[in-house]
Amino acid sequence: AALGLYFPRKEYLENVYIDEAAGMPLLRIHALKDSHEEAAHFHLCQNLIISRARSHENNWFQISEKKGLLYLSKSLDREDFNMLSVGNWMPLSKVMLYVFLSSHPFQEKECDSATRTTVFLSLINATAPACSSLTARQLCFTEMDLSFHIKENKPPGIFHQLQLPSVHHLCQNLSISYKLLAAEGLPFRYNETTTSVRVTQRLDREERERYELIAKCTVRDGFREMQVEVPFLVNVLDEDDSPPFLPNGTDTADAVVEFNRKEGTVLATLTVYDADTTPIYPLESSRKKYTGTIITDDPWISETFRVEHIFDEIHFSPNGSQVRGTRHEY
């Protein structure tokens, strides 16, 4: 069960400015469950990674174990910035941290084995800009695209919060509200009070592989009102849960061989569809999943004939939405 929890994003991005106060909330990270009983525990393990070659002890960032809120535990001053940037002439330095996930309170030794996601922090050699100088886009959304991965057949849960913790903290005299625009009947709900988005039911990739919604944000500043909309995408990750099927129900084909057939002549074909998986690379691993066999006890037949296996990606259209699968031909 420890491997069950997972992150709905592979990476997160956020900006950190010089002299922001300790306790400043930066980013909220979510986890989804594999089973209802699990509870998510978040943890930062290693050092900050500054560039591929260098790392530095993390003295500035902390995450709340149960809520997944990443915050500044110590103000980052100019001296810290110079130390963490490769040269102090740079206006921006990128550092990387790993957030780990476990279904019970963390033991330090778990840092290598646990599920993790990557947080990229852009350290900016300037103090935070005044709220009035930010565009609606900057006040509402970070630079990262709103794109998520949810595994099929897993319990419902919250996987994103639209409100940016840092903007909410700094720009309290602005009114910022959100809406999630989605077609009727989609399995996602937006909670206006918490600005969180949840998946409301188990998803089935063989029914639908991708959901395209829109996040809409309205900023009110006195009498001025600005609106901005961005795509909100959910991809459903596959679990191998549907058996392959034969279009006409038969898993054998009879071959009739006439004299003087040239080498390479096709004598019989058999098609198998798999709505579950798409061709994976290396191709050999897709090949090993199914094998074609000539049923005979005659050694001459085994030496003279062979089964060739080719496969390609195809699209099924259940309920009018496109789902990828594989067609195997023998």
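Residues numbered from 1 in each chain as written. Predicted model: local features only at pLDDT ≥ 70, side-chain atom pairs only at ≥ 80, totals over all residues. Heavy atoms only, no water.

K.L.:
Hey, could you run me through the packing of aromatic side chains in this one?
P.N.:
Aromatic rings in a pair are described by how distant their centres are and how their planes are angled relative to each other. The tally for this structure, following the rule as stated, stands at twelve aromatic pairs. Here the aromatic rings of F245 and Y273 are separated by 5.7 Å at their centres, their planes lie at 35°, and the arrangement is tilted. Remark: Y273 occurs in strand β17 (residues 271-274) and F245 occurs in the loop between β16 (224-237) and β17; sequence separation between them is 28 residues. Among the residues examined, F245 registers a relative accessible area of 36% and is labelled partly exposed. Summarising the aromatic geometry, the rings of Y273 and F316 are spaced 6.1 Å apart at their centres and angled 80° between planes, so their arrangement reads as edge-to-face. (Phe/Tyr/Trp six-rings, centres within 6.5 Å; stacked < 30°, edge-to-face > 60°. Helix = DSSP H or I, 4+ residues; strand = E, 2+ residues; numbered from the N terminus. Buried < 20%, exposed > 50% of the residue type's maximum accessible area, 1.4 Å probe, protein only.)

K.L.:
Explain the pairing of strand β13 (residues 188-191) to me, please; I cannot follow it from the model alone.
P.N.:
Consecutive side chains of a regular strand alternate in pointing toward one face of the sheet and then the other. Pairing of β13 with strand β14 (residues 196-199) involves four bridges; the strand directions are antiparallel. Among the inter-strand pairings, N191 is bridged to a residue of β14, identified as S196. Here β13 folds back onto β14, and the loop between the two strands holds four residues, one of which, T195, carries a positive phi near 55°. (Pairing = 2+ DSSP bridges.)

K.L.:
Got a minute to help me understand the sheet that holds strand β7 (residues 69-72) in this structure?
P.N.:
Backbone hydrogen bonds are what pair the strands of a sheet, in a parallel or an antiparallel way. Pairing is antiparallel across the open sheet formed by three strands, whose spatial order is β2-β7-β6. Because the sheet does not close on itself, it has two edges, and the strands there are β2 (25-28) and β6 (61-63). Ignoring strand direction, the axes of neighbouring strands in this sheet form an average angle of 25°. Sheet topology places β2 next to β7; three bridges connect them, and they run antiparallel. (Axes fitted to C-alpha atoms, helices over the stretch in contact; angles between N-to-C directions.)

K.L.:
So what exactly am I meant to see when it comes to the sheet that holds strand β19 (residues 323-329) here?
P.N.:
Across the sheet, which stays open at both edges, the three strands sit in the order β17-β19-β18 with antiparallel pairing between neighbours. Of all the strands in the sheet, just β17 and β18 (310-316) have a single pairing partner and so form its edges. Neighbour-to-neighbour, the strand axes of the sheet open up by a mean angle of 25°, direction not taken into account.

K.L.:
When you look at the nonpolar core in this model, what are you seeing that I'm missing?
P.N.:
Within soluble globular proteins, side chains that are nonpolar tend to cluster in buried spots. Membership of the largest hydrophobic core comes to 34 residues, with the highest contact counts inside it found for F141, I150, F159, F188 and F232. Breaking this core down by element, the ones donating at least two residues are α2 (136-140), β10 (146-151), β12 (175-181), β14, β15 (210-221) and β16. Setting aside chain neighbours within four positions, we find F141 in contact with L146, L162, L164, Y178, A215, C217, V228 and V230. I29, F42, F81 and L121 belong to the second-largest nonpolar core, a separate cluster that totals 31 residues. (Core = buried A, V, L, I, M, F, W, Y, C linked by side-chain atoms within 4.5 Å. Contact = heavy atoms within 4.5 Å.)

K.L.:
Help me understand the UniProt feature "domain: Cadherin" (unreviewed entry) in the protein chain in this model?
P.N.:
Residues annotated by UniProt as "domain: Cadherin" (unreviewed entry) correspond here to residues 142-246. Along residues 142-246, the helical share is 6% and the strand share 50%, with 47 Å between the first and last C-alpha atoms. (UniProt positions renumbered as here; feature names shortened; annotations may be inferred.)

K.L.:
Quick question: what am I supposed to make of the state of the cysteines here?
P.N.:
In protein structure, a disulfide is the covalent linkage between the sulfur atoms of two cysteines. Applying the stated criterion across every chain, the model contains two disulfides. Between C131 and C171 runs a disulfide, and the two sulfur atoms are separated by 2.0 Å. Residues C131 and C171 are joined through a disulfide that is left-handed, its torsion about the S-S bond being -85°. A residue pair is termed long-range when its members are at least 10 positions apart, and C131 in the loop between β9 (115-124) and α2 and C171 in the loop between α3 (165-170) and β12 qualify at 40 residues. On the basis of relative accessibility, which here comes to 4%, the residue C171 falls in the buried class. (Disulfide = S-S within 2.5 Å.)

K.L.:
Looking at this structure, I do not really get the pairing of strand β1 (residues 11-17). What am I missing?
P.N.:
When you tally the buried positions in β1, you get five out of seven residues, the bulk of the element. Pairing geometry for β1 and β9, over seven bridges, is parallel. Residue pairing for β9: V16 is matched across the bridge by L123.

K.L.:
Mind showing me how you'd approach the pattern of salt bridges here?
P.N.:
Pairing between side chains of opposite charge can happen when their charged atoms approach one another. Scanning the model with the defined rule gives 16 salt bridges in all. Between R210 and E212 there is a salt bridge, and its shortest N-O distance comes to 3.1 Å. The exposure class of R210 is partly exposed, given its relative accessible area of 37%. Ionic pairing is found between E329 and R327, a salt bridge with its closest N-O pair at 4.0 Å. Residue E329 is classed as partly exposed on the basis of its relative accessible area of 30%. Taken together, the shared-partner salt bridges in this structure form one network comprising R205, E206, E209, D238, E313 and R324. (Salt bridge = Lys/Arg side-chain N within 4 Å of Asp/Glu carboxyl O.)

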